[in-house]
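# Summary of structural features
Chain by chain, the residues:
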There are 2 protein chains.
Amino acid sequence: MTAGTAATDTRSRLLDAALRLFSEHGVEGTSLQMIADELGVTKAAVYYHFKTKDEITEAVAAPALQELDQIIEEARTKRSRSAQVDHALTGFVELIVRQRPLLGLYNSDPGMQRVVNRTFQAPRGADLKTRMKTVLAGEAPSLSDAIMVHVVFTGLTMAGGAPQYADIDDDTLREHLLDAGRRLLGRPRKRPGGAG
Amino acid sequence: MTAGTAATDTRSRLLDAALRLFSEHGVEGTSLQMIADELGVTKAAVYYHFKTKDEITEAVAAPALQELDQIIEEARTKRSRSAQVDHALTGFVELIVRQRPLLGLYNSDPGMQRVVNRTFQAPRGADLKTRMKTVLAGEAPSLSDAIMVHVVFTGLTMAGGAPQYADIDDDTLREHLLDAGRRLLGRPRKRPGGAG
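Residues numbered from 1 in each chain as written. Chains lettered and ligands numbered in written order. Predicted model: local features only at pLDDT ≥ 70, side-chain atom pairs only at ≥ 80, totals over all residues. Heavy atoms only, no water.

Ile56 and Met112 of chain A together with Ile56 and Met112 of chain B are the most contacted members of the largest nonpolar core, which has 124 residues in total. Apart from residues no more than four positions distant in its own chain, Ile56 of chain A is found in contact with Leu14, Leu15, Ala18, Phe22, Leu32, Ile35, Val46 and Phe50 of chain A. (Core = buried A, V, L, I, M, F, W, Y, C linked by side-chain atoms within 4.5 Å. Buried < 20%, exposed > 50% of the residue type's maximum accessible area, 1.4 Å probe, protein only. Contact = heavy atoms within 4.5 Å.)

This is how it looks when you write it as structure tokens:
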């Protein structure tokens, strides 16, 4: 049990260290040895968890993709179209804010982009995209609605990881992304102000 | 003169061939030799124009970035805020539709993303981003407005190059991107219908 817990702990510390190093040096510029050094363990200890840097990069991105999947599944249980959209939008913005370092990396790093794009092109990722579209735009959306939803959600993702907003604190970013999402999707806005 | 024209012609054919090969094999998977073979010239002929694949990748993306710059400058000459936004939106959507192969590559290829990101991080690219924001959101936009404009324009770019819309013909894509942009920016829509 203790050994198992220690292994889980090392794995999770390893992914934190990898994200830190990726953000600083890029995925390409980070070696397994650098990750081992950052953790103060041997390269063999890193190999125990991951055989390649690609596996580490995937594992760094995986929790965010799983959370996204969960948000969509929760949204699907809501009765009305508007409740589904509100749940998806709120959950999505929460996820963006919580995963800012990862999104920043995704927005700027070819190595992370390669891994995430590959995930979305795989059957499970493609299915996630389809479910997301259905929740946000309905069962058989017009092309116009489908494109609008695509624009808003990819746009929120890009804005959340954009370097020019990196200095904004989490609460402010959350408020403004939600505000932009609600305005763009024609949903009622929670609080007055914020608009120019 | 004839030699100069031939060189210009070769350069332009070279960039067309590079974009074709990049789209098929990725930037990483394309060699200078493959580009030479595609054109039926020697590798030395390719070297005459470009020393590295990075230079070719930059040159493939450069015309679209120059066009974007021009659209922003034209929009800046318009008197009213709404005329500026309309001009920028129309020009931007035109550019997206005309540059679909390049955008598709940018959306999926780490090599192209690296080069374009680097361009936007350089002083001239950063200045272009600032001018674009000013045209679209005004001189001193609220954070909320700045983020909204960021969301819409990055979203339109991503949607324009998204693989799921690759089969849509240019006119239909143009119509729907314009429609989405106008709805999202609260601009009057040119034609009825299209919404679900």
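There is more to say after this.
End to end, helix 9 (residues 143-160) of chain B covers 26 Å across 18 residues, agreeing with the expected 26 Å (1.5 Å per residue, within 8%). Counting buried residues along helix 9 of chain B, 17 of its 18 residues qualify, which places the element largely inside the surrounding structure. (Helix = DSSP H or I, 4+ residues; strand = E, 2+ residues; numbered from the N terminus. Expected span 1.5 Å × (residues − 1).)

Another point: the relation of the copies chain B and chain A. Of the two same-sequence chains, chain B is brought onto chain A (RMSD 0.0 Å, axial shift 0.1 Å) by a rotation of 180 degrees. The symmetry that links the two subunits is that of a two-fold axis. (Least-squares fit on C-alpha atoms with pLDDT ≥ 70 in both.)

We now examine the side chain of Arg100 of chain A. By secondary structure assignment, the location of Arg100 of chain A is in helix 6 (residues 100-108). Apart from the residues within four sequence positions on either side, Arg100 of chain A is in contact with Gly160, Tyr165, Ala166, Ile168, Asp169, Asp170 and Leu173 of chain A.

Here the focus is the interface of chain B and chain A. If you look at the interface, chain B gives 38 residues, while chain A gives 38 residues. Summing the contributions of chain B and of chain A, the shared interface buries around 3,200 Å²; its carbon and sulfur component is 63%. Inspection of the chain B/chain A interface yields four salt bridges. Put simply, Asp145 of chain A and Arg183 of chain B hold a salt bridge, and the shortest N to O gap is 2.9 Å. The tally of links from chain B across to chain A stands at 11 residue pairs in polar contact (both at pLDDT 80 or more). Put simply, the parts of the chain that give the side of chain B that touches chain A at least two residues each are helix 6 (100-108), helix 7 (110-121), helix 9 and helix 10 (170-185) of chain B. (Buried area = accessible area lost by both parts, 1.4 Å probe. Salt bridge = Lys/Arg side-chain N within 4 Å of Asp/Glu carboxyl O. Polar contact = N/O pair within 3.5 Å; in protein donor to acceptor, adjacent residues only side chain to side chain.)

What follows deals with the domain arrangement of chain A. Residue and element names in this part refer to chain A. Under the domain assignment used here, chain A contains domain 1 (1-51) and domain 2 (55-185). The C-alpha centroid of domain 2 is placed 27 Å from the C-alpha centroid of domain 1. If you look at the interface, domain 1 gives 15 residues, while domain 2 gives 11 residues. Sorting the residues of domain 1 by area buried against domain 2 places Leu19, Phe22 and Val27 first, and these three jointly supply 45% of that buried surface. Taken together, domain 1 and domain 2 are joined by zero salt bridges. There are two residue pairs in polar contact (both at pLDDT 80 or more) connecting domain 1 and domain 2. The set of elements that each furnish at least two residues to the side of domain 1 that touches domain 2 consists of helix 1 (2-25), helix 2 (32-39) and helix 3 (43-49). (Domains from an automatic or database assignment.)

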